[in-house]
Each structure stands twice: as C-alpha cells, then as structure tokens.
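# Overview (structure and organization)
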Amino acid sequence: MSRAALPGLPLPATLPVSLPRWGGGAAAVAMGFLVIAAIYGPAILAPWRTAWMLEGTIGPDPVQYWLGWTWFSRAPWSWPPGLNPDWGMEIGSSIFYADAIPLLAFFFKALRPLVEVPQYWGLWLYACGALQGFMAWRIIGLFTPDPLARLAGAALFLVQPLLLNRLGGHFALGGQFLLLMALHLCLTQGPAARRLAGWAALVFAASLIHAYLLPMVAGLWATDALARALRADRQPAWLVAEAVAVPAIGLGGLWLAGFFVLGGGLGGTWGGFGRMQLDLLAPFDPGEWGRFLPALPRADHLEAQDSYLGLGVLLLLAAGLAGFVARPGLRPRRTLLAGLAVFMALAVTHRLSVGGWVTELVALPDRLVGLADALRASVRFFWPVAYAAMIGAIAVLVHALGGRRAGLVLAGLLVVQVADLRPGFARLHGFFRPTVATAPLRLADPFWMQATARYERIRLAPTGMQARHWEEVAVLAATRGLPTDAVYLARLDPARVEALNATTSARLATGRHESGSLYVLGDEAALAAARRGMDPARDLLRQADGIWVLAPGWRRPMVAGQSGALPTD
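For the structure given in this document, a descriptive report is provided here. (Residues numbered from 1 in each chain as written. Predicted model: local features only at pLDDT ≥ 70, side-chain atom pairs only at ≥ 80, totals over all residues. Heavy atoms only, no water.)

This next bit is on unusual backbone geometry. Omega for the bond connecting Trp79 with Pro80 falls within 30 degrees of zero, at 5 degrees, which places this linkage in the cis form. Here Pro80 is to be found in the loop between helix 3 (61–74) and helix 4 (102–111). Even without a glycine there, the phi angle at Asp99 is positive, about 55 degrees. Among the secondary structure elements, Asp99 is positioned in the loop between helix 3 and helix 4. Residue His469 is not a glycine yet carries a positive backbone phi of 75 degrees. Relative accessible area serves as the criterion here: at 13%, His469 is assigned to the buried category. (Helix = DSSP H or I, 4+ residues; strand = E, 2+ residues; numbered from the N terminus. Buried < 20%, exposed > 50% of the residue type's maximum accessible area, 1.4 Å probe, protein only.)

Here it is in structure tokens:
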C-alpha cells in the first residue's frame with residue numbers, strides 16, 4: 001500500500017485478517033450500486049429502455065444525450081472519429097458537444113456490428129456510484145485499515161449532493177470518481193513510470209468524458225508534478241517526459257472527440273465567467289435537499305443550489321477542523337493546498353457572491369473574461385475542494401481518535417447525512433419515472449410519417465440553441481433516420497448559426513427551396529417568408545400537431561426516386 005501525504009498516520013501494509021483485501025472494495029462497489037438503485041431505480045439500467053430519458057421530468061438534457069448518441073452511432077467512422085455531422089448539418093459538430101461521454105460513445109459504436117446499445121447512461125450512472133464508493137474506500141484506506149471507518153466514510157462520498165445532483169441530469173458530470181482518482185494519486189507515491197502512466201490515463205479519460213472534469217484533473221496533476229519537482233529526490237528526466245506526455249495525451253483525447261471542430265462559441269450562448277459562481281453560503285444552504293438547516297439567501301443562477309454538502313458532512317468538516325487545532329501533527333502538502341486554492345478562486349471568480357449579494361473584487365480585462373467564459377459554470381470547481389476537505393477531515397479524525405473510534409463517528413455522521421438529505425432523495429426518486437421501454441413520438445399527426453418517408457432532411461427555421469420546436473423535430477428526425485439542423489448542443493458557433501438562418505430565410509422567401517428538405521417554421525417571420533415564396537400549386541403549407549410546416553413539391557406528381565413529392569394532401 002502506498003503511503004499518504006499526511007505524515008504521522010499509522011499505515012499498515014495489510015488489512016486485518018477479518019476483512020479480506022478484496023472484500024472491502026467489493027462492499028464499497030456494492031454500496032455504490034445500492035445507492036444508485038435506491039434513488040434512481042433499476043429500470044434505467046437496461047440498455048434497451050430509453051423512455052426514461054425522453055419522458056423524464058428533468059428537462060431536455062437527457063434528450064440531448066440520446067439524440068447525440070443516436071446519430072453518432074449510425075454515422076460512418078470519420079477522422080477525427082468524434083465527428084457527428086447529421087445532427088446539426090451546417091451547424092453540427094461532434095459527439096463531444098452533445099455531452100454524450102465520447103469515451104463510451106466510441107466503445108459502444110465499435111461494438112455496434114455485434115450488438116446495438118440504444119442507451120448506455122443507465123450503465124454509466126451505476127458505474128459512477130460504484131467507482132465513487134470504491135475510490136473513496138481506497139483513499140480512506142491510506143489512513144486506516146478499519147473496515148467501518150472505510151465503508152462509512154466512503155458512503156459519505158456517495159450520499160453527497162455534489163454527486164447526486166449531477167447524476168440526476170448532467171450525467172457526464174457524475175464522473176466525479178475521476179477527481180477521487182486524481183486526489184489518490186496526489187496522496188500517494190510510486191515509481192516514476194507508473195505515475196506517468198497513471199496520470200496520462202486519467203487525463204486521457206477525463207478528456208473523453210467532460211470538459212469541466214478535464215481541467216480539474218489536469219490541475220491536480222500539475223500540483224502533484226510540482227510537488228515532485230520540488231522534492232530532493234526528484235527525477236528530472238521523468239518529470240520532463242511527463243510534462244510533455246500528459247498534456248499531449250489530453251489534447252489528443254480532445255481532438256479525437258471533436259473538441260477542435262468548433263470555430264467559435266466556446267463561451268456559450270448565455271451566462272459567462274463570474275455569472276454562475278460559488279456563493280459562499282451555498283455549501284450551508286439546504287435548498288431542496290436538507291430537512292434540518294434553515295434555507296439561506298442564495299445567488300440567482302441555475303446552479304446556485306447545487307453546492308450543499310449535507311449536515312453530516314458539514315459536521316465532519318467541523319470535527320476535522322476542531323481536531324486539527326486540538327491535536328496538531330498532520331502536515332498537508334503545500335502544493336496540493338495551493339492547487340485547491342486555485343480551484344476555489346475559480347469557483348468564487350472575480351465577482352464575490354455572499355447570500356446573493358455580489359460585488360466585483362477586481363475588474364478583469366474583457367479579453368481574459370472572454371477566454372474564461374468557456375468555464376462559465378465555475379461553481380463546479382468547488383467539487384475537488386470539497387472532496388479534499390472531506391478527505392482531510394477523515395484523516396484528522398483517524399489521527400485524533402484512532403481508526404475504530406473514527407469509524408463509529410463516521411457511521412453516526414452517515415446516519416445524520418442520510419436523515420438530512422431525505423427531501424433531496426425523494427425529489428430525485430421521481431426524476432426517472434417508471435414507464436414503457438420506448439416513448440411514443442410527440443408528433444402524432446400521420447402527416448409526419450408520410451413526410452419523413454419522402455424527404456431527406458428536416459430544416460428548422462429559424463434554428464439555433466434550443467430553438468422553438470427543436471426537441472420534437474430532432475426526436476422525430478432521429479427516430480426516422482433523417483439529418484436535421486434542430487439542435488441542442490453544449491456549444492454552437494454563432495457565426496454558423498447566423499449564416500444558416502440567413503440562407504434558409506432567403507430560400508423560403510424566394511421559393512428556391514433546398515431539394516429534399518422539409519421545413520418546420522418556428523416563428524412568424526419564417527411563416528411569412530414561406531407564404532411569400534411558396535407556389536400553392538406545387539407546395540404544401542399546413543399545420544401538423546400545431547406546428548407550421550412547409551413541404552416543397554408536395555403537390556407535384558411523384559417521380560420515381562424523387563424526394564419531396566406526394567400526390568395528395
């Protein structure tokens with residue numbers, strides 16, 4: 001067993017005989033499975049069940065993931081392999097910007113000739129629970145072999161709003177086990193070659209899971225590399241090799257996933273750096289999660305309530321601080337603390353928020369803020385800080401009380417945590433409603449089946465980020481195997497969107513319709529343009545399920561092999 005970076009703690013080489021070396025890890029994995037099953041239910045696990053994603057109560061994000069994967073799985077392999085051109089067409093990009101976990105998308109697409117997997121997010125949610133529990137169990141094992149301390153402490157990392165909030169919607173961001181893996185590497189030592197391989201693999205995986213997890217993992221690598229560079233026993237040749245290889249493999253993963261295909265719009269279409277920051281009261285504000293603490297004033301943004309830690313963890317941190325003061329002796333690594341301070345600064349940003357009251361601490365240049373806009377939801381950089389604080393508090397308890405008594409305390413805190421978070425568990429339990437395996441199309445008018453059998457693609461006018469009717473149109477197009485420009489992606493290039501809308505508007509207004517395109521009209525301007533440009537003797541303009549649609553050439557006599565022509569209304 002590797003030694004922790006907090007000297008003074010007893011670290012036996014083996015676990016007690018009463019607990020097999022593999023038994024505790026297996027128990028932690030099982031505990032992770034059980035937590036996910038208890039909160040989200042077993043129905044999400046079957047890959048052929050997709051209705052829970054399309055008919056859930058949590059908004060459009062799971063629909064986005066399913067759409068991105070559905071088109072990507074059907075597309076031929078390209079170079080880079082992450083390209084996903086049929087979802088968005090001119091404004092499309094890659095599987096990376098569908099937030100569809102490119103690492104899994106590549107794997108299951110490669111398996112497609114053997115087995116078709118309609119959705120893999122249920123498997124992912126269960127894996128996140130299992131790996132979160134296992135990594136927390138391993139980290140606590142750096143400080144004590146006591147099985148109760150390890151399992152009760154690991155459970156506090158599982159029944160944690162920071163994690164469960166994300167698994168309830170932003171699935172890829174549930175991969176917070178990557179942060180625990182990175183912290184484990186920071187807290188242990190090993191041969192230079194093994195560390196290089198470990199960090200390279202971890203950064204590569206993060207680059208293929210989510211863009212927010214990558215800088216957190218990379219930042220922890222940088223702090224660990226700096227710590228090793230400052231040590232007297234440093235190995236310069238290996239450090240230089242690592243400094244080149246780890247960033248290169250991270251960039252390589254981004255390239256494979258299609259990160260670099262987007263020319264602009266990396267800052268997003270709403271918000272910005274300093275607009276979705278960590279409010280300093282948020283970790284103590286129970287919001288919709290806790291039952292014991294009073295609600296506090298909060299910031300006014302979408303993720304303002306996503307940083308509550310739970311009463312059990314708050315008591316753990318208080319006990320850890322008291323123990324650190326009462327019984328000094330632990331020496332946390334200064335480089336790790338410095339790295340965590342950087343994360344905290346990114347989370348808080350230059351616009352300090354306390355109970356919703358915001359003041360600008362320092363005026364940053366517009367160019368710098370524009371670059372930082374890519375990390376607009378910077379509140380998420382609180383996650384590694386919170387997890388590191390939990391690890392430190394558990395280490396202090398073990399140091400002050402010993403492993404067995406610390407285990408009893410952690411078990412008590414776990415009871416408090418679960419009792420406090422019952423409202424949050426109940427809310428999440430209703431997110432993925434038990435339903436049929438596959439959801440019926442929302443567009444039920446028979447016209448849609450006729451039209452999608454005749455046309456080659458569906459255009460949305462105007463299109464853009466979550467433009468009107470995007471979801472119904474995109475699900476219809478994906479189900480029927482047609483490309484579409486109706487999209488919801490993590491980032492869009494605004495210049496491409498503007499150019500496409502201008503082209504589509506001109507086509508509608510002049511009647512020079514794109515061959516094989518069915519036009520769904522999203523606003524009055526598009527409807528007026530369609531009326532001006534259509535030929536009533538040739539084209540059909542009608543409503544279907546309350547949506548205006550222009551079908552060019554609908555009334556034209558059908559010619560064999562010609563799309564967009566039907567003989568009747």
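Next, the rest of the story.
Overall, the coordinates contain 19 salt bridges when judged by the stated rule. Residue Arg166 pairs with Asp306 through a salt bridge whose shortest N-O separation is 3.1 Å. Within this pair, whereas Arg166 is found in helix 7 (residues 161–167), its partner Asp306 is found in the loop between helix 11 (236–257) and helix 12 (311–326), the two being separated by 140 residues in sequence. On the basis of relative accessibility, which here comes to 19%, the residue Asp306 falls in the buried class. Note that Asp224 and Arg333 form a salt bridge whose closest N and O atoms lie 3.9 Å from each other. Here Arg333 lies in the loop between helix 12 and helix 13 (334–348) and Asp224 lies in helix 10 (residues 213–230), a separation of 109 residues in the sequence. Accessibility classification places Asp224 together with Arg333 in one group, the buried group. Three or more residues are tied together by salt bridges with common partners; here these are Glu90, Glu456, Arg457, Arg459, Asp485 and Glu514. (Salt bridge = Lys/Arg side-chain N within 4 Å of Asp/Glu carboxyl O.)

A surface patch of nonpolar side chains, amounting to about 490 Å² of accessible area, comprises Trp79, Leu251, Trp255 and Phe260. Tracing the sequence through the fold places Trp255 in helix 11. (Patch = residues over 30% accessible without salt bridge, like charges linked within 9 Å, V, L, I, M, F, W, Y side chains within 5 Å. Areas by Shrake-Rupley, 256 points an atom, 1.4 Å probe, with all protein chains shown as cover.)

Moving on: helix 17 (residues 422–429). Within helix 17 the residues assigned to the buried category are Gly424, Phe425 and Leu428. Buried residues of helix 17, viewed axially, fall in a sector of 100 degrees; they line one side. Summarising the geometry of helix 17, the exposed residues directed more than 90 degrees from the buried face are Arg422 and Ala426. (Arc of directions from axis to C-beta.)

This part is about the pairing of strand 4 (residues 517–521). Where burial is concerned, most of strand 4 is hidden: 5 out of the 5 residues are buried. Here strand 4 shows a buried face lined by Ser517, Tyr519 and Leu521 and a second buried face lined by Leu518 and Val520. Across 5 bridges, the pairing between strand 3 (residues 457–461) and strand 4 is parallel. The partner of Arg457 across the bridge, within strand 4, is Ser517. Relative to strand 6 (residues 547–551), strand 4 is paired through 3 bridges, and the arrangement is antiparallel. Bridge pairing in strand 6 places Val520 opposite Val549. (Pairing = 2+ DSSP bridges.)

The subject of this paragraph is the environment of Gly253. By the element assignment, Gly253 lies in helix 11. Distance in space between the C-alpha atoms of Gly253 and Leu103 is 9.2 Å, their sequence separation being 150 residues. Once you skip the residues sitting within four places of it in the chain, Gly253 turns out to touch Phe204, Ser207 and Leu208. (Contact = heavy atoms within 4.5 Å.)

On to the side chain of Thr504, then. Checked against the element boundaries, Thr504 lands in helix 20 (residues 494–510). By relative accessible area, which is 6% here, Thr504 ends up buried. Contacts of Thr504, omitting those with residues within four sequence positions, involve Ala461 and Tyr519.

A few words on the sheet that holds strand 3. Sheet architecture is open: 4 strands sit in the order 3-4-6-5, paired in mixed fashion. Edge positions in the sheet fall to strand 3 and strand 5 (540–544), since each has one partner strand and no second. Between one strand and the next, the sheet's axes are offset by a mean angle of 30 degrees, whatever the strand orientation. On the sheet, helix 20 packs against strand 3, strand 4 and strand 6 and is oriented at approximately 100 degrees with respect to strand 4. (Axes fitted to C-alpha atoms, helices over the stretch in contact; angles between N-to-C directions.)

Structurally, the position occupied by Gly88 is in the loop between helix 3 and helix 4. Judged by relative accessible area, Gly88 falls into the buried class, the value being 0%. Linking Gly88 and Gly312, residues 224 residues apart in sequence, is a C-alpha distance of 46 Å. Beyond its immediate sequence surroundings of up to four residues, Gly88 is in contact with Thr484, Asp485 and Val487.

A few words on the nonpolar core. In this structure, Tyr40, Leu67, Trp121, Trp199, Phe447 and Trp448 are the most contacted members of the largest nonpolar core, which totals 160 residues. Sort the elements by how many residues they give to this core and helix 15 (residues 382–401) lands first, with 13 residues. (Core = buried A, V, L, I, M, F, W, Y, C linked by side-chain atoms within 4.5 Å.)

A separate point is the side chain of Arg380. Relative to the elements of secondary structure, Arg380 occurs in the loop between helix 14 (366–372) and helix 15. Owing to a relative accessible area of 8%, Arg380 belongs among the buried residues under this scheme. Looking at Arg380, its side chain comes within polar contact range of the side chain of Glu303, at 2.5 Å. (Polar contact = N/O pair within 3.5 Å; in protein donor to acceptor, adjacent residues only side chain to side chain.)

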